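Residues per chain are reported as follows:
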Amino acid sequence: MLKMNKISCVYQTDLIETHALRDIDLNVKAGEFVALTGPSGSGKTTLLNLSGLLESATSGTYLLDGEDVSSLSDRQRSSIRNEKIGFIFQSFNLIPDLNLFDNVDVPLRYRAMGIEERRRRIENALELVGLSSRMKHLPSQLSGGQQQRVAIARALAGEPKFLLADEPTGNLDSLMARQVMELLEKINSEGTTIVMVTHDPELARRAHRSIELLDGQISSTQLFGVSAEEPDEKTEAESVA
Amino acid sequence: MFFYNLRLAWISIKQNVSLNLLMVCAIGLGIGVSMSMITLYAMMSGNPIPEKSDQLFAVRIDNWDPDEAYTDYQGRETQPFQHSYKDAMVLRSSTIPLRKAAMYKGYFVVEPANDTVAPYGQVVRMTDRDFFAMFNVPFIYGGVWSESANDLGERVVVIAKETNDKLFGGEDSVGRQIKMGEHQYTVTGVIDTWNPLPMFYDLNNKAFGDAELLFMPFAIISHSEFDRAGNTNGWKAERINSHEEFLNSENIWIQFWAELPDAFTQDAFKDWLDSYVLEQKKLGRFPRPLNNALDNVTQWLEVNHVVPDDNRVMLALSFMFLAVCLFNTIGMLLARFMGKVSVVGLRRALGASKFSIFYMHLVEVALVGLGGGLFGLLLSYLGLFMLRESVEGIEKLATMNLPLVLMAIALAIFASVLAGIYPAWRICQISPAHSLKTQ
Amino acid sequence: MEIRPILSAILRNKTGAILLAIQIALTLAVVVNAMFIVQQRLKFIGRPTGIDIENIIVISSQGFGSSYDHEQTVFSDLELLRAIPGVKYAAHISRFPLSGGGSRSGFTSTTDSDAESVGANYYFAQNGTIDALGVKLAAGRDFLPTEILTGEQIDNGVVASSVLITKALAEKLFPDGNALGNLVYGGTGDSSRVVGIIEKMHGAWVSWDGLNQVLIFPGLRKDSGQRYLVRTEPGQRDRLIPEVESVLEKASVSRYLDRMEPMSEMVGRSYDNDRVVANGLIIVIVLLVSITGLGIVGLASFLVRQRTKQVGTRRALGAQKYHIVRYFLVENWLITTMGVVVGTVMAFGLNYWTATEFSLPKLDPVFVPVGILGIWVLGVLAAAGPAKRASNISPAIATRTV
């Protein structure tokens with residue numbers, strides 16, 4: 001699903017160069033649930049931004065769903081974000097002026113999609129997160145957990161192959177965090193690949209695999225689940241080579 | 001508190017110089033444009049003789065065409081602005097007014113005895129001796145000509161300071177002679193510079209022109225023919241081939257003013273006018289309905305539309321322009337104040353009351369307004385300068401006096417404080433908890 | 001297009017939008033009315049005069065003293081003026097057209113005393129004066145030297161045998177079109193025959209609606225002042241002014257020159273007020289449009305800055321750059337349009353006020369759509385910068401907290 005090879009990311013200011021990531025090699029298979037952990041400043045968010053095509057790497061190659069995305073135009077990258085990737089942010093990033101229906105509608109608006117199809121998807125997505133009765137509410141009228149569920153609905157409405165979650169439970173209390181986590185697991189079990197950034201080892205353990213970053217490099221990998229099948233990874237690696 | 005706030009305002013303005021400069025520009029433009037128009041308007045609509053403007057009356061009687069009312073230069077129906085010689089002579093004979101004067105504008109070529117001054121053309125006010133006392137014209141030397149000179153139309157003259165400087169080097173010239181046309185005229189008095197604005201006593205000619213620099217008895221016209229410089233209007237087909245015939249015609253060319261100090265004399269004079277017109281009707285004159293008018297100075301300025309419609313419209317448009325500038329400023333103030341939310345939250349947390357926050361921001365706005373007012377003054381000076389350069393004879397109107405300068409500053413501060421009320425009210429609603437919530 | 005969500009976003013941030021909409025409404029109202037007045041005044045100032053005002057020098061002088069002989073002075077002056085190389089024509093006229101001073105009287109085409117008379121501006125001039133004015137004859141001829149009345153004759157009541165009238169006056173007096181060769185009657189019943197019809201010539205007062213109604217009598221009235229028209233070869237006017245002045249000063253006559261200037265300057269003064277109004281309003285329009293343009297830039301930038309996170313999120317969710325540009329342009333367009341709707345009502349209201357309270361003409365409605373279009377274009381241009389900046393917000397903003 002996602003294959004990074006010798007990815008580096010350097011931020012340059014007038015005086016100094018900051019190496020946010022150095023030579024990262026990362027493979028995520030279809031259907032996998034991967035957690036990215038590490039202390040602040042370790043490069044988690046940068047890696048997430050790169051994998052979500054929010055930023056470009058300084059060097060290295062990146063294959064997403066079999067397609068080389070390292071040198072695409074802004075226009076093509078936007079389309080991929082829109083169609084293949086779903087985002088869940090730590091601070092939800094709902095648009096405060098729009099009601100839930102319109103918020104979930106945002107990514108769909110950037111596709112040529114008929115009003116009927118959009119309505120069906122929005123209603124289904126809100127149904128899935130249990131908020132279909134509050135479609136006309138504004139984000140400010142909801143609790144944090146509910147807002148994050150709306151954000152998940154927004155990500156799901158686009159029917160992405162690949163879901164990126166940045167500390168999805170970071171701003172939530174434990175009860176709400178558990179509900180959100182269960183939702184993510186359910187989505188994953190239906191076949192969507194998920195990469196989740198978290199600093200909570202408890203949550204990381206619920207993924208199939210946990211990758212720890214330190215100073216812009218992968219310091220360790222732990223396997224928890226069963227989905228990671230060696231042969232599959234190898235064949236993909238060979239096909240690239 | 002005020003000075004503390006003033007210091008804070010200064011610090012705050014320095015924090016965001018560009019936005020504050022934009023606000024100063026916006027207010028300045030609004031003040032500049034509107035003050036240019038206000039200046040013209042104020043100068044045009046001033047009262048030229050405030051001490052007795054309600055006692056001086058322009059007299060009008062209506063001896064116009066039976067089929068068609070008299071119309072002013074813009075086609076509005078009204079009583080004729082001037083009188084025929086016949087009627088003026090009758091009006092001059094009334095003893096009811098405290099003072100009275102018939103007048104018209106004449107034109108003479110002055111031939112100075114002094115060879116260094118070339119002959120020059122001079123517009124002369126031909127009037128009665130009451131003119132000077134009635135209009136409070138100040139004398140430097142001598143005084144007005146005698147009663148008998150007035151009645152007989154003797155060749156005497158009152159000159160203005162400028163004329164005295166030019167012809168007699170500013171000396172006391174009473175008794176000296178001036179040659180005009182074929183005759184010598186004896187100086188009886190010299191008046192100080194006197195330029196009522198507008199020149200209310202003869203609006204029919206030029207409302208904002210200069211007052212005449214020479215004055216002669218009206219009655220001279222009865223025995224001598226002169227060039228007239230003012231307007232003459234007529235409606236009746238009359239054969240006029242001589243001076244005599246002209247004086248006897250229904251042509252109107254003479255203005256008439258009366259000083260009527262109280263309601264009693266005003267009513268009496270009105271009755272007298274009515275009875276004169278009714279009597280003339282019996283003789284076949286005054287074919288129109290009885291329609292006499294006595295207008296005091298302020299009414300007279302209105303009747304003559306001394307402030308042109310154009311200026312009123314421009315004034316209105318300039319106020320709308322100022323309004324746009326102020327709405328613009330409100331927008332910028334909102335943006336500016338919203339940038340101070342966390343600081344204000346902190347102040348509130350530290351115990352500042354809503355009112356003190358409100359007050360503090362109004363002071364800041366007033367300071368910006370002061371800047372805008374100064375910039376606006378500069379712009380209105382520029383605007384008035386351009387106006388003086390492009391229009392002849394507008395020098396006296398396109399000039400700011402001290403009250404107008406002060407008004408510009410006051411208007412700028414008032415307008416900006418008005419604009420600041422809503423933004424300041426918004427910012428003082430910030431809850432003290434705000435500073436703790438973010439970050 | 002996503003109009004409804006944009007609209008609800010505007011409504012939830014009312015203040016800024018309302019402030020801008022009010023500015024736009026006022027701007028439209030003022031600009032539409034000001035453009036209309038400017039166009040009216042420029043048209044008024046630019047009316048063709050029929051006179052070659054660009055190549056004419058107007059001179060007036062005043063004679064004095066007992067030795068002054070008017071006729072003698074005029075004839076000898078004209079001879080001197082005509083002899084100057086570069087002078088095409090020189091002639092005398094009783095008053096200058098378009099100067100604001102002149103005489104006017106009523107004329108008819110019958111002796112019937114009930115007939116409605118037509119007002120006309122009348123002049124006394126000689127043969128050749130129409131050449132010096134540069135007016136064209138549509139029919140007939142100029143005066144013959146024998147037709148010119150002397151001052152003596154005029155004072156004794158001798159009636160002119162011939163007159164020249166303008167086409168505009170001819171059409172009023174003789175609606176059937178047979179003016180040439182017919183009699184024109186003055187108020188006292190005196191009549192003169194129309195020998196020539198002038199194609200077009202302006203009279204004395206620019207704001208009189210009978211400006212084109214002019215009549216010229218053949219004669220030289222007794223007067224102490226002379227008024228000369230000197231028409232030069234094209235382009236020679238300014239060069240000749242000092243020469244003309246010195247020629248007249250050398251003539252040994254007791255008089256002083258009181259006016260010596262290009263006719264275009266004199267005419268310009270007659271239109272001073274209209275020109276100042278037009279120029280003043282043009283300045284107001286330019287400043288107003290700039291201020292409002294800045295207001296639009298200001299609000300758009302504010303909204304962009306306020307929504308940096310939101311824009312980043314949209315970009316993260318797959319919005320193309322043009323989606324973002326379009327979003328801000330549409331939002332701005334909606335605000336401008338709200339202002340424009342109110343402004344249209346205000347524009348007509350303002351005009352209603354100026355038309356009823358003052359004698360200003362009714363607004364030509366065509367200026368409203370022109371103004372609206374202008375405001376829309378202004379809105380797009382002003383919002384383009386901030387919208388472009390918004391589209392360059394990095395989608396990575398979305399993952400940053402705070």
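What counts, and where the lines are drawn
- Throughout this description, residue numbers start from 1 for each chain and increase along the sequence as written.
- Each chain is given a letter, starting from A, and each ligand a number, starting from 1, according to the order in which they appear as written.
- In keeping with the model being predicted, local features are shown solely for residues with a pLDDT of at least 70 and side-chain atom pairs are shown and tallied solely at 80 or more, while totals for entire chains, interfaces and linings include all residues.
- Heavy atoms from the whole structure form the basis of all side-chain values; hydrogens and water molecules are not counted.
- The numbering of helices and of strands both runs from the N terminus, where a helix is a DSSP run of H or I of at least 4 residues and a strand a run of E of at least 2.
- Burial here depends on accessible area, computed with a 1.4 Å probe over protein chains only, as a share of the maximum for the residue type. Under 20% is buried, over 50% is exposed, and the range in between is partly exposed.
- Residues are treated as being in contact if the distance between any of their heavy atoms lies within 4.5 Å.
- For the area figures, the Shrake-Rupley method with a 1.4 Å probe applies, and any residue is considered shielded solely by the protein chains shown.
- By the counting rule applied here, Lys and Arg register as positive and Asp and Glu as negative, while His and the ends of each chain are not counted.
- Lys charges are placed at NZ, Arg charges at CZ, Asp charges at CG and Glu charges at CD.
- What makes a nonpolar core is a set of buried Ala, Val, Leu, Ile, Met, Phe, Trp, Tyr and Cys residues whose side-chain atoms join them at distances within 4.5 Å.
- Disulfides are defined as cysteine sulfur pairs within 2.5 Å.
- In this document the domain limits rely on a domain assignment from an automatic tool or a database.
- To estimate the expected span of a helix, subtract one from its residue number and multiply by 1.5 Å.
- Accessible area that two parts lose when put together, evaluated with a 1.4 Å probe and summed over both, is termed the buried area.
- Put simply, a salt bridge is a Lys or Arg side-chain nitrogen that is within 4 Å of an Asp or Glu carboxyl oxygen.
- Side-chain atoms alone can form a polar contact between residues adjacent in sequence; in general such a contact is a pair of N or O atoms within 3.5 Å, and within protein one must be able to donate a hydrogen while the other accepts it.
- We call Asp, Glu, Lys and Arg charged. Ala, Val, Leu, Ile, Met, Phe, Trp, Tyr, Cys and Pro are nonpolar, and the rest, Gly among them, are polar.
- Throughout, an axis means a line fitted to C-alpha atoms (over the contacting stretch in the case of helices), and angles, computed between N-to-C directions, take values from 0 to 180 degrees.
- Roughly parallel refers to an angle under 35 degrees, roughly antiparallel to one over 145, roughly perpendicular to one between 65 and 115, and oblique to any angle outside these ranges.
- Crossings are assigned a handedness: left-handed for a near helix turned anticlockwise from the far helix by less than a right angle, right-handed for a clockwise turn.
- Paired strands, in this sense, are two strands between which DSSP finds at least two bridges.
- Two rings from Phe, Tyr or Trp (for Trp, the six-membered ring) form a pair when their centres sit within 6.5 Å of each other. Planes less than 30 degrees apart are called stacked, planes more than 60 degrees apart edge-to-face, and all others tilted.

Along chain B, the regular secondary structure elements total 14 helices and eleven strands. Taken along the three principal axes of its C-alpha coordinates, chain B extends 100 × 55 × 35 Å. In chain B, which comprises 439 residues, the share counted as buried stands at 54%. For chain B, the share of sequence-separated contacts (at least 6 apart) that also reach a separation of at least 24 residues comes to 76%. As displayed, chain B offers around 18900 Å² of accessible surface, 58% of which is attributable to carbon and sulfur atoms. If the 36 positive side-chain charges of chain B are averaged to one point and the 45 negative ones to another, these points end up 14 Å apart.

Let us look at the nonpolar core. The tendency in soluble globular proteins is for nonpolar side chains to be buried side by side. Counting residues in each nonpolar core, the largest one holds 184 residues, and the members touching the most others are Tyr62(A), Phe162(A), Phe131(B), Phe135(B), Tyr201(B), Trp257(B) and Phe328(C). In this structure, Phe131(B) is in contact with Ala101(B), Met103(B), Arg125(B), Val137(B), Trp194(B), Tyr201(B) and Phe215(B), ignoring residues within four places of it in sequence. Core analysis: the next-biggest nonpolar cluster, separate from the first, contains 42 residues, Tyr85(B), Ala88(B), Val117(B) and Leu167(B) among them.

The next subject is the state of the cysteines. Two cysteines, two sulfur atoms, one covalent bond between them: this is a disulfide. All names here are of chain B. Scanning the entire structure with this criterion turns up zero disulfides over all chains. No disulfide involves cysteine 25; its nearest neighbouring cysteine sulfur is the one of cysteine 325, lying 10 Å away. For cysteine 25, a relative accessible area of 34% translates into the label partly exposed.

Glancing now at the domain arrangement of chain C. Per the domain assignment, the segments of chain C are domain 1 (3–46 + 272–399) and domain 2 (101–131 + 143–218). With centres defined by C-alpha atoms, the gap from domain 1 of chain C to domain 2 of chain C works out at 55 Å.

This part is about helix H2 (residues 17–44) of chain B. End to end, H2(B) covers 39 Å across 28 residues, agreeing with the expected 40 Å (1.5 Å per residue, within 8%). Of all 28 residues that make up H2(B), 20 are buried, and the element is covered over most of its length.

This part takes up the interface of chain A and chain C. Taken together, the contacts link 28 residues of chain A with 28 residues of chain C. At the boundary of chain A with chain C, total buried surface from both sides reaches about 2600 Å², with 51% on carbon and sulfur atoms. The interface formed by chain A and chain C contains one salt bridge. Ionic pairing is found between Asp74(A) and Arg315(C), a salt bridge with its closest N-O pair at 2.5 Å. Linking chain A with chain C are 13 residue pairs in polar contact (both at pLDDT 80 or more). For the side of chain A that touches chain C, the elements supplying multiple residues, two or more each, are helix H1 (44–51), helix H2 (74–84) and helix H3 (100–109) of chain A.

Our focus in this paragraph is the interface of chain B and chain C. The partner chain C presents 48 residues to the 44 residues of chain B that form the contact. In total, chain B and chain C occlude about 3800 Å² of area from one another, counting both sides; carbon and sulfur atoms represent 72% of this. Summed over the shared surface of chain B and chain C, the number is one salt bridge. Between Arg41(C) and Asp310(B) there is a salt bridge, with its nearest N and O atoms 2.8 Å apart. Viewed at the interface, chain C and chain B are joined by eight residue pairs in polar contact (both at pLDDT 80 or more). Elements with a minimum of two residues in the side of chain B that touches chain C: H2, strand E2 (99–111), strand E3 (120–127), helix H10 (309–338), helix H12 (354–390) and helix H13 (402–427) of chain B. It is H10(B) that contributes the most residues to the side of chain B that touches chain C, 18 residues altogether. Among the residues forming the side of chain B that touches chain C, the class breakdown is 26 nonpolar, seven polar and eleven charged.

Right, let's talk about the side chain of Arg314(C) for a bit. Here Arg314(C) is to be found in helix H10 (residues 308–316). A distance of 2.8 Å separates a polar atom in the side chain of Arg314(C) from a polar atom in the side chain of Tyr110(A). If near-sequence neighbours (up to four positions away) are discounted, Arg314(C) is found in contact with Ile95(A), Leu98(A), Val106(A), Tyr110(A), Glu2(C), Ala319(C), Ile324(C) and Tyr327(C).

Where H10(B) meets helix H2 (residues 14–45) of chain C, the closest approach of the two axes is 9 Å, and the angle between their N-to-C directions is 155°. The angle between H10(B) and H2(C) falls in the class roughly antiparallel. Considering the relative orientation of H10(B) and H2(C), their crossing is left-handed. Two secondary-structure elements touch here, H10(B) through Asp310(B), Val313(B), Leu317(B), Met320(B), Ala323(B), Val324(B), Phe327(B), Asn328(B), Ile330(B), Gly331(B) and Leu334(B) and H2(C) through Thr15(C), Leu19(C), Ile22(C), Gln23(C), Leu26(C), Thr27(C), Ala29(C), Val30(C), Ile37(C) and Arg41(C).

It is worth spelling out the sheet that holds strand E8 (residues 193–197) of chain A at this point. Residue and element names in this part refer to chain A. Pairing in this open sheet of six strands is mixed, and the strands run E6-E7-E8-E3-E9-E10 from one edge to the other. For this open sheet the edge positions go to strand E6 (85–88) and strand E10 (217–223), each flanked by a neighbour on one side alone. Recorded for the sheet is a direction-independent mean angle of 20° between the axes of neighbouring strands. Of the strand pairs in this sheet, E6 and strand E7 (residues 162–166) are connected by four bridges, and their pairing is parallel. Bridge pairing links glycine 86 to leucine 163 in E7. Relative to E6, H2 is tilted by about 75°, and along the sheet it contacts E6 and E7.

Let's shift gears to the packing of aromatic side chains. Residue and element names in this part refer to chain C. Under the criterion given, the structure shown has 42 aromatic pairs over all chains. Geometrically, the ring pair formed by tyrosine 327 and phenylalanine 328 is edge-to-face, given 5.4 Å between the ring centres and 80° between the ring planes. The pair tyrosine 327 / phenylalanine 328 is uniform in exposure class, with both members buried. Ring geometry for tryptophan 333 versus tryptophan 376: centroids 5.7 Å apart, planes at 35°, classification tilted.

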